[in-house]
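Listed below are the residues making up each chain.
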Amino acid sequence: MIITKNLQKAFGDHQVLCGIDQHIEKGEKVVVIGPSGSGKSTFLRCLNLLEEPTGGEVIFEGVNITDPSCDINKLRQQMGMVFQQFNLFPHKTVKQNITLAPIKLKGISQQEADELSKRLLDRIGLPEKANAYPGQLSGGQQQRVAIARALAMNPKVMLFDEPTSALDPEMVGEVLELMKELAEDGMTMVVVTHEMGFAKEVATRVLFIDEGIVKEENRPMEFFENPKNDRLRDFLSKVLH
Amino acid sequence: MEWLNTLYESFYNALVPEQRYLAYLSGLKMTLLIAFFAVLLGVIIGMVVAVLKVGGRNSKNPLLRFLAKVGTFYTTVIRGTPVIVQVLIIYNLIFTSPDTNKIIVGTVCFGINSGAYVAEIIRAGIESVPRGQMEAGRSLGFHYIQTMRYIILPQAVKNILPALGNEFIVMVKETSVISVIAVNDLTKMAQYVGSRTWDIIPPMVIAAVIYLIITLILTKVMGIFERRLSQGDHH
């Protein structure tokens, strides 16, 4: 579904990604871990071109999206993204946050939008919050709405950029729970996270990115039980207590 | 008591005979109309220039990058030169026919001037919206202009409107400069009255009082408006 070929990204002289080759298949749940500044978020943001790669290619469903002639806006509609800071639209209600893109970009009717928002709000367990503003919700609720907003475009893949890092500890669970349900429904997911428990439980594959390259990748069992790379061993010993 | 009588008489002369108070009123009307339409034109110019400057700077499109430079050039020149010089240049450059509508003359002169200031107001407003909002919009598939329109600008407006109101108040005062090209605004009408009565100070004081009253009223209205805006804040 997503293929990266020798993906590189530099900010000025600073090379953040030094060539990443990945095949992400339909239905896979790829969890990306690594120390801060390792390039894992940059890797994720290159997948939908929020960061412009400075080298290599990203191919989404057979289309080279790094080619300037491709319509990236059309392709982004099929790639949902969830941010660390939620980035909900504060001037719009929860319902409007969810339905803005489908109404404006897919041209669905107000009635269809109402049904869509109701269905998604039921799914994330916040049916009573349709007319609330993001500022009136807790962090966990906001992130769940952000997930619903991304799902509203019916994407083929969901990208999660440290979705629980900005949350108070007691709210992490509700967001991870929702992501697990999403995974069980068969959604293709790429998740950058520090939640090792989530990686173990949900991932079909775990990547360890460090110094701009994938230093190790494996199924979660072997990845955590039997890490081969020294840096990974060191990293895991620090994050797993 | 003698001088009080003289004072009264000179102000009476500046206001009442030949229905001179009507002159101030028509001048005030001209001033307000020009200020209003100038800010309106300024908002249109300013919006385009601001979006070009914010969006064009890092664009891959060379045309957009060029237009962003043109925008920067425009704001630099306008903000770096006196408005009276701008008015004289624009007036003599475009409005060569003597019977052009004075409101249009004033609107164009001050609209071009105001556009540069409004562009900076709007640019600051846009840049006050967190970067993540643009990213969230783009990640849903909106293109740049759509994200601006549906997501960034509605949020920027809250920061822009108070400054824009201020710009209108400034414009009400600034338009007095237009009297140099014989537009009958409040200042010019006061000058006319002065030339009729051979006594320039009373009509000028009257004009000053009118300007002051108008700006005080507008400031008050802006204050009420601003409170309304912040009430709608959900943070």
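Structure: above.
Each value, and the rule that gives it
- Residues numbered from 1 in each chain as written.
- Chains lettered and ligands numbered in written order.
- Predicted model: local features only at pLDDT ≥ 70, side-chain atom pairs only at ≥ 80, totals over all residues.
- Heavy atoms only, no water.
- Core = buried A, V, L, I, M, F, W, Y, C linked by side-chain atoms within 4.5 Å.
- Buried < 20%, exposed > 50% of the residue type's maximum accessible area, 1.4 Å probe, protein only.
- Patch = residues over 30% accessible without salt bridge, like charges linked within 9 Å, V, L, I, M, F, W, Y side chains within 5 Å.
- Areas by Shrake-Rupley, 256 points an atom, 1.4 Å probe, with all protein chains shown as cover.
- Salt bridge = Lys/Arg side-chain N within 4 Å of Asp/Glu carboxyl O.
- Helix = DSSP H or I, 4+ residues; strand = E, 2+ residues; numbered from the N terminus.
- Contact = heavy atoms within 4.5 Å.
- Polar contact = N/O pair within 3.5 Å; in protein donor to acceptor, adjacent residues only side chain to side chain.
- Nonpolar A, V, L, I, M, F, W, Y, C, P; charged D, E, K, R; others polar.
- Pairing = 2+ DSSP bridges.
- Axes fitted to C-alpha atoms, helices over the stretch in contact; angles between N-to-C directions.
- Parallel < 35°, antiparallel > 145°, perpendicular 65-115°, else oblique.
- Left-handed = near helix turned anticlockwise from the far one by under 90°.

(A) Highlighting the nonpolar core. Counting 54 residues, the largest nonpolar core has Ile 2, Phe 43 and Leu 47 of chain A together with Ile 126 of chain B as its most contacted members. Grouped together as the second largest cluster of nonpolar side chains are 50 residues, Val 82, Ile 98, Leu 121 and Leu 232 of chain A included.

(B) View of a nonpolar patch on the surface. Residue and element names in this part refer to chain B. A cluster of nonpolar side chains, contributed by Tyr 8, Tyr 12, Leu 15, Val 16, Tyr 21, Leu 22 and Leu 25, occupies part of the molecular surface with about 650 Å² of accessible area. Structurally, Tyr 21 can be placed in helix α2 (residues 20-56). Residue Tyr 21 is classed as partly exposed on the basis of its relative accessible area, which comes to 37%.

(C) Structural view of the environment of Val 49 of chain B. All names here are of chain B. With respect to the element layout, Val 49 can be found in helix α2. A relative accessible area of 9% places Val 49 in the buried class. Between the alpha carbons of Val 49 and Trp 198 there is a distance of 47 Å; along the sequence they are 149 residues apart. In this view, Val 49 contacts Gly 71, Tyr 74, Thr 75 and Ala 119; residues no more than four positions away in its chain are not counted.

(D) How the structure looks around the environment of Leu 218 of chain B. Residue and element names in this part refer to chain B. On the secondary structure map, Leu 218 appears in helix α9 (residues 201-231). Through-space distance from the C-alpha of Leu 218 to that of Asp 99 is 32 Å; in sequence the pair is 119 residues apart. Leaving out residues up to four positions away in the same chain, Leu 218 has contacts with Phe 168, Ile 169 and Val 172.

(E) Inspection of the pattern of salt bridges at higher detail. Counted according to the given criterion, the structure contains 22 salt bridges over all chains. A salt bridge links Arg 219 of chain A to Glu 222 of chain A; the nearest nitrogen and oxygen atoms lie 2.9 Å apart. Taking relative accessible area as the criterion, Arg 219 of chain A reaches 51% and is therefore assigned exposed. For Glu 222 of chain A, a relative accessible area of 26% corresponds to the partly exposed category. In this structure, Asp 234 of chain A and Lys 238 of chain A form a salt bridge, with 3.1 Å as the shortest nitrogen-oxygen distance. In this pair, Asp 234 of chain A and Lys 238 of chain A both sit in helix α9 (residues 230-239), four residues apart, roughly one turn of the helix. Assessed through its relative accessible area of 38%, Asp 234 of chain A is described here as partly exposed. Of the residues examined, Lys 238 of chain A reaches a relative accessible area of 56% and is grouped as exposed. Each of Arg 45 and Glu 51 of chain A together with Arg 131 and Glu 135 of chain B takes part in salt bridges that share partners, so that together they form one network.

(F) How the structure looks around the interface of chain B and chain A. Chain B puts 20 residues into the contact, and the matching count from chain A is 26 residues. Counting across the chain B and chain A interface gives one salt bridge. For the salt bridge of Glu 135 of chain B with Arg 45 of chain A, the shortest nitrogen-to-oxygen distance reads 2.6 Å. Along the contact surface separating chain B from chain A lie five residue pairs in polar contact (both at pLDDT 80 or more). Taken together, the elements giving at least two residues each to the side of chain B that touches chain A come down to α6 (131-140) and α7 (144-174) of chain B. Residue contributions to the side of chain B that touches chain A peak at nine residues, all from α6 of chain B. Here the side of chain B that touches chain A is composed, by residue class, of six nonpolar, 10 polar and four charged.

(G) Representation of the sheet that holds strand β6 (residues 79-82) of chain A within the structure. Residues and elements named next belong to chain A. Overall, mixed pairing links the six strands, which are arranged β6-β7-β8-β3-β9-β10 in an open sheet. Of all the strands in the sheet, the pair left with one neighbour each is β6 and β10 (213-218). Averaged over all adjacent pairs, the angle separating strand axes in this sheet is 20°, with direction ignored. The sheet contacts of helix α1 (residues 40-47) involve β3 (29-33), β6, β7 (157-161), β8 (188-192) and β9 (205-210), and relative to β7 the element is tilted by about 150°.

(H) Spatial organisation of the packing of α6 of chain B against α7 of chain B. All names here are of chain B. α7 packs onto α6 with a crossing angle of 140° between their chain directions and a minimal axis gap of 9 Å. The angle between α6 and α7 falls in the class oblique. Regarding α6 and α7, the two cross each other, and that crossing is right-handed. Contact residues: α6 offers Gln 133, Met 134, Gly 137 and Arg 138, while α7 offers Tyr 144, Thr 147, Met 148, Ile 151, Ile 152 and Gln 155.

(I) Summary view of unusual backbone geometry. Residues and elements named next belong to chain A. Non-glycine residue Glu 61 carries a positive phi angle of around 50°. If you trace the backbone, Glu 61 turns up in the loop between β4 (55-60) and β5 (63-64). For Glu 61, a relative accessible area of 39% translates into the label partly exposed. The backbone phi angle of Glu 162 is positive, close to 45°, even though this residue is not glycine.

(J) Looking closely at the side chain of Ser 38 of chain A. Residues and elements named next belong to chain A. Within the fold, Ser 38 resides in the loop between β3 and α1. Take Ser 38: its relative accessible area is 3%, and that puts it in the buried class. Among the polar contacts made by the side chain of Ser 38, one reaches the main-chain carbonyl oxygen of Pro 35 at a distance of 2.7 Å. Only 3.4 Å separates the side chain of Ser 38 from the backbone oxygen of Ile 209, close enough to count as a polar contact. Discounting chain neighbours no more than four positions away, the residues touching Ser 38 are Val 16, Ile 209, Asp 210, Glu 211 and Gly 212.

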